[in-house]
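Descriptive analysis of the structure
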Amino acid sequence: IRVETYGLFNISRIPLGVMYYFVPIWVFRRSDGRLAFEEHQVRLIDSMELPPSSFFLTDPLLMLLMLYAGWAILRPHSGILTRRVHALAIAGGLAAPWLLMLCALSMNFRYRMDFYPLIEFGAFLGFMMLCRNSWAAMAPRSLRVAAVVSMGFGVAASHVILVLYRVSHFGSPVALLCQGVFAYYVQQILEFFPFLTRWIGS
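Here's a quick rundown of the structure. Keep in mind that this is a model prediction, so the values were computed, not measured.

Here we come to the overall build of the protein. The secondary structure content of the protein amounts to 12 helices and 2 strands. Written out in order from the N terminus, the α and β elements of the protein read α-α-α-β-α-α-α-α-β-α-α-α-α-α. Considering only C-alpha atoms, the protein reaches an extent of 55 × 55 × 30 Å along its principal axes. Relative to its 202 residues, the protein shows a buried fraction of 39%. Counting contacts in the protein only where the partners sit at least 6 residues apart, residues at least 24 apart contribute 72% of the total. About 12,000 Å² of surface is accessible on the protein, with carbon and sulfur atoms providing 71% of the total. Of the side chains in the protein, 16 bear a positive and 10 a negative charge, and the two mean positions are spaced by 12 Å.

As structure tokens, this is what we get:
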């Protein structure tokens, strides 16, 4: 029914797609016990699979560098990038999978792979621009500390998300999260790692 009504790809799903891949507030419940945006999710999408995640959690360094590159390219009279049109053309081509995934019929954790070509291109571009920037040369220690901290945070978050992915059910999570996302994952982790039950009980 969803395919017949909205098709495999529909731009009306983009807000849910942005939440799924970048701001995972869709897993939280409202005061009436339903998931946030549950009506839109059930109407438009076959499945928004667990676990909740965000590129800002698992790849903060890459995301920050990509955002810096975008700001530097679009800034008027930046003078940082001489071949701005070429960079925008490449980024535009690599953004096509983003558009498809954000408006797809199903949103799955493995589809995150389609976002990485643009993220990594933007990150490398941002790193190159940062190295050429005069104010960046004035605070190399601060930038190194920020890079190490964001990279360490991303590695830790990626391992946490990996564990959550291992214990998550596939398919639509609407019925699974009736007790809340935190209660669901506590139950799943204790089921997969029963020794934690004895440790918590002691």
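That was the structure; now back to the text.
Moving on: helix 10 (residues 140-167). In this model helix 10 runs 41 Å from its N-terminal to its C-terminal C-alpha over 28 residues, within 8% of the 40 Å that 1.5 Å per residue would give. Those residues of helix 10 lying buried are Ser150, Gly154, Ala157, Ile161, Leu164 and Val167. Among the structural elements, helix 4 (55-58), helix 5 (60-74) and helix 11 (181-192) are those in contact with the buried residues of helix 10.

Core analysis: the largest hydrophobic core is formed by 31 residues, its most contacted members being Tyr21, Phe22, Phe55 and Phe115. Of all the elements in the fold, those that place two or more residues in this core are helix 2 (14-21), helix 5, helix 7 (96-102), helix 8 (116-132), helix 10 and helix 11. Looking at this core element by element, the count peaks at 4 residues for helix 2. Among residues more than four places away in sequence, those in contact with Tyr21 are Ser53, Ser54, Phe55, Met101, Leu102, Met107, Asn108, Tyr111, Arg112 and Phe115. In terms of nonpolar packing, the next biggest core, distinct from the first, is built from 10 residues, Ala87, Leu125, Met129 and Leu130 among them.

This next bit is on the packing of helix 6 (residues 84-94) against helix 8. Where helix 6 meets helix 8, the closest approach of the two axes is 8 Å, and the angle between their N-to-C directions is 155 degrees. The angle between helix 6 and helix 8 places the two elements in the roughly antiparallel class. You can see that helix 6 and helix 8 cross each other, and the crossing is left-handed. Packed against helix 6, whose contacting residues are Ala87, Ile90, Ala91 and Leu94, the element helix 8 presents Pro117, Leu118, Phe121 and Leu125 at the interface. Of the residues that constitute the contact of helix 6 with helix 8, the class distribution is 8 nonpolar, no polar and no charged.

Looking now at the pattern of salt bridges. Taken as a whole, this structure holds 5 salt bridges when the rule is applied. Notably, a salt bridge pairs Arg30 with Asp32, separated by 2.8 Å at the nearest N-O pair. Classification of Arg30 by relative accessible area gives partly exposed; the value is 30%. Between Asp59 and Arg112 there is a salt bridge, with its nearest N and O atoms 3.9 Å apart.

Here is what the cut-offs are and how they apply
Residues numbered from 1 in each chain as written. Predicted model: local features only at pLDDT ≥ 70, side-chain atom pairs only at ≥ 80, totals over all residues. Heavy atoms only, no water. Helix = DSSP H or I, 4+ residues; strand = E, 2+ residues; numbered from the N terminus. Buried < 20%, exposed > 50% of the residue type's maximum accessible area, 1.4 Å probe, protein only. Contact = heavy atoms within 4.5 Å. Areas by Shrake-Rupley, 256 points an atom, 1.4 Å probe, with all protein chains shown as cover. Lys, Arg positive; Asp, Glu negative; His and termini not counted. Charge placed at Lys NZ, Arg CZ, Asp CG, Glu CD. Expected span 1.5 Å × (residues − 1). Core = buried A, V, L, I, M, F, W, Y, C linked by side-chain atoms within 4.5 Å. Axes fitted to C-alpha atoms, helices over the stretch in contact; angles between N-to-C directions. Parallel < 35°, antiparallel > 145°, perpendicular 65-115°, else oblique. Left-handed = near helix turned anticlockwise from the far one by under 90°. Nonpolar A, V, L, I, M, F, W, Y, C, P; charged D, E, K, R; others polar. Salt bridge = Lys/Arg side-chain N within 4 Å of Asp/Glu carboxyl O.

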